[in-house]
Amino acid sequence: MLTDTILFYIFAVMVLVGGIMTITRRNAIHSALSLITSLLGVAGLYLLQQAEFLFAVQIVLYVGGIMVLFLFVIMLVNLDQAAKQRQFNRQWLVALAAVAVVAVEIGYFMYRGGASIHIADVPLPGAPAGVGNTEMIADSLFGEYLLPFEVASILLLVAVVGSVVMAKKRI
Amino acid sequence: MPITTVHYLALSAALLLIGTIGVLTRRNIVIILMSIELILNAVNINLIAFSHVWGNVRGQIFAIFVIVDAVAEAAVGLGILIALFRNKETVLADEIDLLKW
């Protein structure tokens, strides 16, 4: 139990520090590397919650896929000029005020409603013995959620074609 | 002190707010797209936490769909960014004001 607590705080610090670094760095490469830290922290949180399949997906897809995409684009697009200019836009004060209002709102709801989310403290009947997390996800994905799964594949196809069309010089 | 679901929800809310600040205040489009990834990850933390609470995998299924959306969004967004940079020579969001009067 103590190990869980310590690990949670380590991953939480990774997530939050990585996130804050991502939105404050001037150099986009530094932002991308901070984003990797943050996403690795999220992957660790998945592991703490016994979502092993999503842990692997997070590492492979985000850290291996999306981040490489970001780094490619950062190097393809000339960002030197943008790095020398103002990093924050003119409405930043209004934006911070709006976010502060939302933060107070969420904090208030969590303070008032947090007591009602105590289901996790009683141990629930988990997976039957011998059935792994990946197997359970596969059962659910190819049974109950087959139609959304297929729609997601169409979405990915559209995204692939769309991004090629967007990035192409002349169609 | 044991970690409860509320801890995860608070962490997720904090990450969501950090991502929102990034989207609203940064000028560089690449970093705005990264902030959107942060927001989607905050949603995923929530989904996984509740999946753990209820003891079934439905939350994890939806987290997979969120990840699929994030991938599609990143690919199309970065494609748009490349096309934009080719035409306007800028990656700053507030310099792209063609539709503004």
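Residues numbered from 1 in each chain as written. Chains lettered and ligands numbered in written order. Predicted model: local features only at pLDDT ≥ 70, side-chain atom pairs only at ≥ 80, totals over all residues.

Caption draft 1: Molecular detail of the overall build of chain A. Across its full length, chain A holds seven helices and zero strands. Put simply, chain A runs from its N terminus to its C terminus through helices and strands in the order α-α-α-α-α-α-α. Since a compact globule built from 171 residues should have a radius of gyration of about 16 Å, the 21 Å found for chain A marks it as more spread out than a globular shape. Seen through its C-alpha atoms, chain A measures out along the principal axes to roughly 55 × 40 × 30 Å. Classification of the 171 residues of chain A by burial places 22% in the buried group. For chain A, contacts bridging at least 24 residues in sequence account for 53% of all contacts bridging at least 6. (Helix = DSSP H or I, 4+ residues; strand = E, 2+ residues; numbered from the N terminus. Rg over C-alpha atoms; globule rule 2.2 N^0.38 Å. Buried ≥ 20, exposed ≤ 12 C-beta atoms within 10 Å, placed from the backbone. Contact = placed C-beta atoms within 7 Å.)

Caption draft 2: Layout of the overall build of chain B. Helix and strand counts for chain B come out as three helices and zero strands. When the helices and strands of chain B are read in sequence order from the N terminus, they spell out α-α-α. Relative to a compact globule of 101 residues, whose C-alpha radius of gyration would be 13 Å, chain B shows 17 Å and is clearly more extended. In terms of overall dimensions, chain B has a C-alpha envelope of 50 × 25 × 20 Å along the principal axes. Across the 101 residues that make up chain B, the buried fraction comes to 56%. Sequence-distant contacts, at least 24 apart, represent 46% of the contacts inside chain B between residues at least 6 apart.

Caption draft 3: Quick peek at the interface of chain B and chain A. Each partner contributes residues to the interface: chain B has 63 residues there, and chain A has 72 residues. Going through the elements one at a time, helix 1 (5-25), helix 2 (29-54) and helix 3 (58-88) of chain B are the ones with two or more residues in the side of chain B that touches chain A. Ranked by residue count, the leading element in the side of chain B that touches chain A is helix 3 of chain B, at 20 residues. Among the residues making up the side of chain B that touches chain A, the classes are represented as 42 nonpolar, 16 polar and five charged. (Nonpolar A, V, L, I, M, F, W, Y, C, P; charged D, E, K, R; others polar.)

Caption draft 4: The arrangement of the packing of helix 7 (residues 146-167) of chain A against helix 3 of chain B in detail. Across the interface, helix 7 of chain A lies against helix 3 of chain B with an axial gap of 8 Å and an inter-helix angle of 10°. Taken together, the axes of helix 7 of chain A and helix 3 of chain B are roughly parallel relative to one another. Contacts between helix 7 of chain A and helix 3 of chain B involve P148(A), A152(A), L155(A), L156(A), A159(A), V160(A), G162(A), S163(A), M166(A) and A167(A) on the former and, on the latter, F65(B), V68(B), A72(B), A75(B), V76(B), G79(B), I80(B), I82(B) and A83(B). Partitioning the contact of helix 7 of chain A with helix 3 of chain B into residue classes produces 16 nonpolar, three polar and no charged. (Axes fitted to C-alpha atoms, helices over the stretch in contact; angles between N-to-C directions. Parallel < 35°, antiparallel > 145°, perpendicular 65-115°, else oblique.)

Caption draft 5: Molecular detail of the nonpolar core. Ranked by internal contacts, the top residues of the largest apolar core, which has 63 residues, are V30(B) and I45(B). For this core, the secondary structure elements donating two or more residues are helix 1 (2-24), helix 2 (28-48) and helix 3 (52-76) of chain A together with helix 1, helix 2 and helix 3 of chain B. Considering every element that reaches this core, the biggest residue donor is helix 2 of chain B, with 15 residues. Excluding residues that lie within four positions of it along the chain, V30(B) makes contacts with A28(A), F70(A), V73(A), I74(A), L81(B) and V91(B). (Core = buried A, V, L, I, M, F, W, Y, C linked by C-beta atoms within 7 Å.)

Caption draft 6: The domain arrangement of chain A, seen in detail. The domain boundaries assigned to chain A delineate domain 1 (1-87) and domain 2 (132-171). In this structure, domain 1 of chain A and domain 2 of chain A have C-alpha centres spaced 23 Å apart. (Domains from an automatic or database assignment.)

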